[in-house]
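Coordinate analysis (summary)
Listed below, chain by chain, are the residues.
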Amino acid sequence: MKRKIKIGTRGSQLALWQANHIKSILEEKYPDYSFELVKIKTQGDKILDVALSKVGGKGLFVKELEDALLDGKVDFAVHSMKDVPVILPDGLHLTAITKREDPRDCFISKNYNNLSDLPKGAKVGTSSLRRQCQILNLRSDLKVEVLRGNVETRIRKMTEGIFDAVILAYAGVKRLNLIEYVKDVISEDFSLPAIGQGALGIECRVNDDEVNNLLSILNDEDSSVCVRAERAFLRVLEGGCQVPIGAYGKIIDNKLVLKGLVGTLDGKTIIKETVSGEKTDAEALGEALAETILNRGGRKILEDVYGREIGS
């Protein structure tokens, strides 16, 4: 009998693609093991008619998976890194961050080629305050409205004419082989990605040495460095889904270059900064970038939304 390893995953088409992708890598590497997907419905999958910022934010997509890990019902879980809160439950950790897919946002529309083409008052759908802020900063005349649901549902609402355009993570659209709908991939200069966007996170129990050892092959060092820096940035900002926050790290000439932003919901104010340094200083760079943005006005933006003091 092969030793069975259970993989926790959400049930959306994208989540299943991601979990099956990880499963196929492990099956090829470890023929003496069997790997089984366990589909788990999260609170975020059940609440589809309310903005995430109003119902609890990112943790809605991972809590039930983490409960299953802690209860021993699954051996590890596959997450989209942009859904993973920066604080994990005691006893769990991210044992691997996979090689990142293209982290940029993309523009999807039937009748228009990019944001600039949209007529005044056009309706744009997105699930993200980060995108809303940056879109309105570029085009304050557009109507940005909440759009929830899986990738296919969001695209369908555009094709049915409910929205003139929708903005999605390019990585998910590529993984589902739906790039025929993409009219434009938006430069990071105009739409800085979400923390961790495009990467998968593999979460498991800290004390499960066997599973941790199996999963070590999934970790991509450069992607891990960048995402850890982005998450350190978010951790200092105490950010969730209530405030437009973005960050994107990349490796250039063996150095980490990290961009970050904090903005207002109406897009009228965006504070954006860049830092660079050694890859070994990833978390420190993320923290330093956050402090710079806080001191340039980000603290006031955050405190106005949270109604409490942020940091020092």
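Residues numbered from 1 in each chain as written. Predicted model: local features only at pLDDT ≥ 70, side-chain atom pairs only at ≥ 80, totals over all residues. Heavy atoms only, no water.

1. Considering the side chain of Glu203
Note the threshold: The secondary structure listing takes helices from DSSP runs of H or I that are at least 4 residues long and strands from runs of E that are at least 2 residues long, numbered from the N terminus. Burial status follows relative accessibility: with a 1.4 Å probe on protein chains alone, a residue under 20% of its type maximum counts as buried, one over 50% as exposed, and anything between as partly exposed. By the counting scheme adopted, Arg and Lys are positive, Glu and Asp are negative, and His together with the chain ends is not counted. By definition, a salt bridge exists where a carboxyl oxygen of Asp or Glu is found within 4 Å of a side-chain nitrogen of Lys or Arg. What qualifies as a polar contact is a pair of N or O atoms within 3.5 Å, subject to a donor-acceptor requirement within protein and to the restriction that residues adjacent in sequence count only when both atoms come from side chains. Only heavy atoms matter for contacts: two residues are in contact if any of them lie within 4.5 Å across the pair.
Mapped onto the secondary structure, Glu203 falls in strand β10 (residues 200-205). Notably, Glu203 is buried but unbridged: the nearest opposite-charge side chain belongs to Arg231, and the N-O separation is 7.8 Å. At 2.6 Å, the side chain of Glu203 forms a polar contact with the side chain of His79. Those residues within four positions of Glu203 in sequence are excluded, and the remaining contacts are Glu66, Leu69, Phe76, Ala77, His79, Leu88, Pro89, Leu92, His93 and Leu94.

2. Side note on the pattern of salt bridges
Enumeration over the complete set of coordinates arrives at 25 salt bridges. In this structure, the salt-bridge partner of Glu287 is Arg235, at a minimum N-O distance of 3.5 Å. Of this pair, Glu287 sits in helix α10 (residues 282-306) while Arg235 sits in helix α9 (residues 221-237), and the two are 52 residues apart along the sequence. Judged by relative accessible area, which is 32%, Arg235 ranks as partly exposed. Overlapping salt bridges, with partners in common, bring together Glu188, Asp189, Lys250 and Lys259 in one network.

3. Re unusual backbone geometry
Peptide bonds are, in most cases, trans, and in most cases residues other than glycine have a negative phi. Although it is not a glycine, Asn177 adopts a positive phi angle of roughly 60°. Structurally, the position occupied by Asn177 is in the loop between α7 (170-175) and β9 (182-185).

4. Digging into the sheet that holds strand β2 (residues 33-39)
Put simply, the rule reads: Strand pairing requires that DSSP identify at least two bridges connecting the strands. As a rule, the C-alpha atoms of each element are fitted with a line to give its axis, helices using only the stretch in contact, and angles between N-to-C directions run from 0 to 180 degrees.
Ordered in space as β2-β1-β3-β10-β4, the five strands form an open sheet in which the pairing is mixed. Edge strands, defined here as strands with exactly one partner in the open sheet, are β2 and β4 (92-97). Neighbour to neighbour, the strand axes of the sheet diverge by 30° on average, direction disregarded. Here β4 pairs with β10 via five bridges, running antiparallel. Within β10, the residue paired with His93 across the bridge is Cys204. In the packing of helix α1 (residues 13-29) onto the sheet, contacts are made with β1 (3-9), β2, β3 (76-80) and β10, and the angle to β2 comes to roughly 170°.

5. Some thoughts on empty space enclosed by the protein
Formally: Think of a 1 Å grid over the protein atoms and nothing else: a 1.4 Å probe that fits but is trapped marks a cavity, an open set flanked by protein within 12 Å on at least five of seven lines marks a pocket, and residues with an atom within 4 Å of a point count as lining. Grid points are joined across faces, edges and corners, and a volume is the space filled by probe spheres set on the points.
Per the counting criterion, the structure on display carries one cavity of 30 Å³ or more. As a volume, the largest cavity reaches approximately 50 Å³. If you trace the largest cavity, you find it lined by Leu115, Arg131, Gln134, Ile135, Leu138, Ile167, Ile186, Phe190 and Ser191. Top element by residues in the lining of the largest cavity is helix α5 (residues 129-138). It accounts for four residues.

6. Points about the nonpolar core
Proteins that are soluble and globular tend to have nonpolar side chains buried together. So the rule is basically this: Put simply, a nonpolar core is a bunch of buried Ala, Val, Leu, Ile, Met, Phe, Trp, Tyr and Cys residues held in one set by side-chain atoms that sit within 4.5 Å of each other.
In terms of nonpolar packing, the biggest core is built from 26 residues, with Phe233, Leu237, Val243, Ile245, Leu256, Val262 and Leu302 touching the most fellow members. Put simply, the parts of the chain that give this core at least two residues each are α9, β11 (245-252), β12 (255-263), β13 (270-277) and α10. Take this core: its biggest share by element is nine residues, from α10. Here Val262 is in contact with Leu237, Val243, Pro244, Ile245, Thr269, Ile270, Ile271, Ile293, Gly298, Ile301 and Leu302, once residues within four sequence places are set aside.

7. Comments concerning the environment of Cys106
If you trace the backbone, Cys106 turns up in strand β5 (residues 105-108). When residues no more than four places from it in sequence are discounted, the contact partners of Cys106 are Val166, Ile167, Leu168, Ala169, Tyr170, Val173, Val182, Asp184, Val185 and Ile186.

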